Amino acid sequence: MSEHARAREEERAKICRLPWALASGGFGSVYGSLVLGTIFVLFLDEMGLPKTHIGLLMALMFLPGPLALVAAPISARRGFKRVYMWFYTTRKLVAFLIVFTPAVLERFGIEGVVTYTVAVMSVYGILRVIAETAYYPWIQEFVPNRVRGQYMAISNIVSTLVGMAAVRLAGDYIAGADTGLERYQEVIAVGCLFGVASVLIKLPIKGGAPAPERLSQRAHFRQMRVALGDLPFRRFLLGLGVVALATNAWGTFLPLYMKEEIGLDSGVVLQLQMWSMLGTLLSSYAWGWAADRLGSRPVLVSGLMVMALLPPVWLSLPDAAAGGAFWAGVAAAVWGIANIGYSIGHERQLYVEMVPEKKKTEYMALYYTWTQITAVLSPLIAGWGLDRSPHESASSPYQMFFLISFLGLLFGIVLLVRAWRPHPHSPPGSP
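Sequence order sets the numbering: in each chain, residues are counted from 1 along the sequence as written. Predicted model: local features are reported for residues with pLDDT of at least 70 only, side-chain atom pairs are reported and counted for 80 or more only, and whole-chain, interface and lining totals are derived from all residues. Side-chain descriptors were evaluated using all non-hydrogen atoms of the structure, hydrogens and water having been removed beforehand.

**Student:** Would you explain the pattern of salt bridges in this entry?
**Tutor:** Opposite charge on two side chains allows them to pair when their charged atoms are near. One speaks of a salt bridge when a side-chain nitrogen belonging to Lys or Arg is within 4 Å of a carboxyl oxygen belonging to Asp or Glu. Taken as a whole and assessed by the stated rule, the structure comprises four salt bridges. One salt bridge in this structure joins Glu9 and Arg12, with 2.7 Å as the shortest N-O distance. With Glu9 and Arg12 both in helix α1 (residues 3-35) and three residues apart, the pair spans about one turn of that helix. Judged by relative accessible area, Glu9 falls into the partly exposed class, the value being 39%. For Arg12, a relative accessible area of 44% gives the class partly exposed. In this structure, Lys259 and Asp45 form a salt bridge, with 3.0 Å as the shortest nitrogen-oxygen distance. Residue Lys259 is found in helix α11 (residues 250-262), and its partner Asp45 is found in helix α2 (residues 38-46); the two are separated by 214 residues along the sequence. Secondary structure counts use DSSP, requiring at least four H or I residues in a row for a helix and at least two E residues in a row for a strand, with both numbered from the N terminus. Accessibility here uses a 1.4 Å probe with only protein chains present; expressed as a share of the type maximum, an area under 20% marks a residue as buried, one over 50% as exposed, and anything in between as partly exposed.

**Student:** Whenever I open this one, the environment of Tyr184 confuses me. Can you help?
**Tutor:** On the secondary structure map, Tyr184 appears in helix α8 (residues 182-200). Judged by its relative accessible area of 4%, Tyr184 falls in the buried class. Each C-alpha atom, one on Tyr184 and one on Glu46, is 9.9 Å from the other, the two residues being 138 residues apart in sequence. Setting aside anything within four residues of it in sequence, one finds Tyr184 in contact with Ile39, Leu42, Phe43, Glu46, Ile174 and Ser266. Contact between two residues is taken to exist if any of their heavy atoms lie within 4.5 Å; hydrogens are not considered.

**Student:** In this structure, what is going on with the side chain of Glu132? I would like to understand it.
**Tutor:** Summarising the element assignment, Glu132 is placed in helix α6 (residues 101-142). The contacts of Glu132, once residues within four sequence positions are left out, are Tyr88, Arg91 and Tyr368.

What follows is the structure in structure tokens.
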């Protein structure tokens, strides 16, 4: 068999196993929707935690990001798939400890809850970093570049459909509660079960084997320095970092803005997540098709330009009595459309154009570490700023929050446009 024929056969075999990854994404979407999304933020808010602490807890998922620099070569030696399976499964079990937070509140008060949640989310963040450091090189291996845009689009469609159903059921269930936190606890527990299933269902997927070459830590850091000298890659990371600083706090504080400023109740706020998923669902395949045929760059920038329209839209929403729920839903749908376009665009550019296959360990470690650092700073800074805004002021503390987001997105677009030039590691014929 010729080398070309062998490559085509391997590609077909990879494509045949992609349904397992799609199913895993569906289960993972239930986990993400029920455990660490809007429900988690509202759960913490119901217990009376300050915004600064809520922002800290969301940041703790990303704070251990620099561990990726050390974990990457170890994952390569042990096998990306093996490391992912073990650490992602354990991560879901640690997330289950969130269920016991009200019991800690009852016995030890708010100070006990602060200590307990910081401990849980710190361990969770460490497990997450190690698992995802292994997952990025593995997914680059098991998804063929020829169908990467389509795969990401279909994966998002499947995940969105399942997530919409989960959010709808959870929203109706929580909205039916008169008092107490019990229904939040039950929803989070169910979500953790789906999370464990989402990891185990990836077992049939091949790849991620231990690296045949035993790369030392010293050699790994030397190669990372070489990767940092890659100017287009460095500019790409800088642009992504600015966008993350501008937008990563949205998921944490936008639900609270809708509740406090627009006057929506918790059940309606949860339903906004469905509107966002609907936007994702309706646009995913179009974005994926465009990325495979037109290239990553137009898709990435188009998504960001639409995202930049959202901060002024959110600030101009009417209150709940004047139909704010409907317009908030429309804005959430637009957010879903824009966010998935940006996600597909930048991920395809990362995998296809920016990261050379033979150097994926060090490139992905740098990418992951940088994105985690910026993801940490966004909710921390936003939570600190919102808590310290003068309450007697006539203006909403969220005005500055959205203004900074708007300006940050414009700056991020400029940086990513400047980063666009042919990359020396791009495969022949790639857009």
